[in-house]
Amino acid sequence: MITLGRIWGYLKLACVMIYIFYLIVIPSVFWYILTGKKHEFQLNWSNSVCRLFNLRIHKLGSTERVTEDRTIYLFNHRSMADIFLHDVMLEGQASFLSRFLVGVVFLPSLLFYETVWFFRRGISRNYDHFNAWLDRKFEGSTRPHLIVYPEGHRMQTSLTPAPLKHGMLKYAYSRGLTVQIGISFGNEKACCENPP
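Residues numbered from 1 in each chain as written. Predicted model: local features only at pLDDT ≥ 70, side-chain atom pairs only at ≥ 80, totals over all residues. Heavy atoms only, no water.

Caption draft 1: Structural context of unusual backbone geometry. With phi around 55°, Asn 54 is a residue other than glycine that occupies positive phi space. Within the element layout of this structure, Asn 54 appears in the loop between helix 3 (38–52) and strand 1 (71–75). Within the chain, Glu 91 stands out as a residue other than glycine whose phi angle is a positive 55°. Given the relative accessible area of 51%, Glu 91 is considered exposed. (Helix = DSSP H or I, 4+ residues; strand = E, 2+ residues; numbered from the N terminus. Buried < 20%, exposed > 50% of the residue type's maximum accessible area, 1.4 Å probe, protein only.)

In structure tokens form, the structure reads like this:
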């Protein structure tokens, strides 16, 4: 049942999303234009969002991030906040693999075309072609690593992971790349997409 409270919650969510993915991007664009530091463009935006909303990242345990020449990080996908929280967690050292639809919905994210690698899901089953495209993206990237969300979509409230898509694991194996699993909690609190 749709209530006024839920409608108000979605309106607030829409305003926050517009603010994060449209308005805060503008200063980052000017930073990019003035300095030409392409690799810092997205990280500058991610840091700005975290500072603005007073978001803090707390590391648990004693594990360390792998920093091989090329590493694929497999992260759980909780909310739209992942794109700036994971960017800050990995200190701007990893690009993101994302469906092209994300860029259509959040048009300013297309400005991150060098650090967010957009692909069209299901357009081709030619994995050799897709893998060759990934190779070219790695070669031309200012970021040595890649973040992948193998669940394929956001698991906002689920306590268990969805079945993992295995295409990127096959790619990593075929290229002899290091793979590290990253798990983060509380991201959905930073950007709640399901108002009560």
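Structure shown, so let's carry the discussion forward.
Caption draft 2: Quick look at the pairing of strand 4 (residues 145–148). Burial along strand 4 is two-sided: the residues His 145 and Ile 147 and Leu 146 and Val 148 are all buried. When strand 1 meets strand 4, the two strands line up parallel, connected through 3 bridges. In the strand pairing of strand 4, Tyr 73 is matched with Ile 147. In the sheet, strand 2 (residues 94–99) pairs with strand 4 via 3 bridges, with the strands oriented parallel. Following the sheet pairing, Ala 94 is matched in strand 4 by His 145. (Pairing = 2+ DSSP bridges.)

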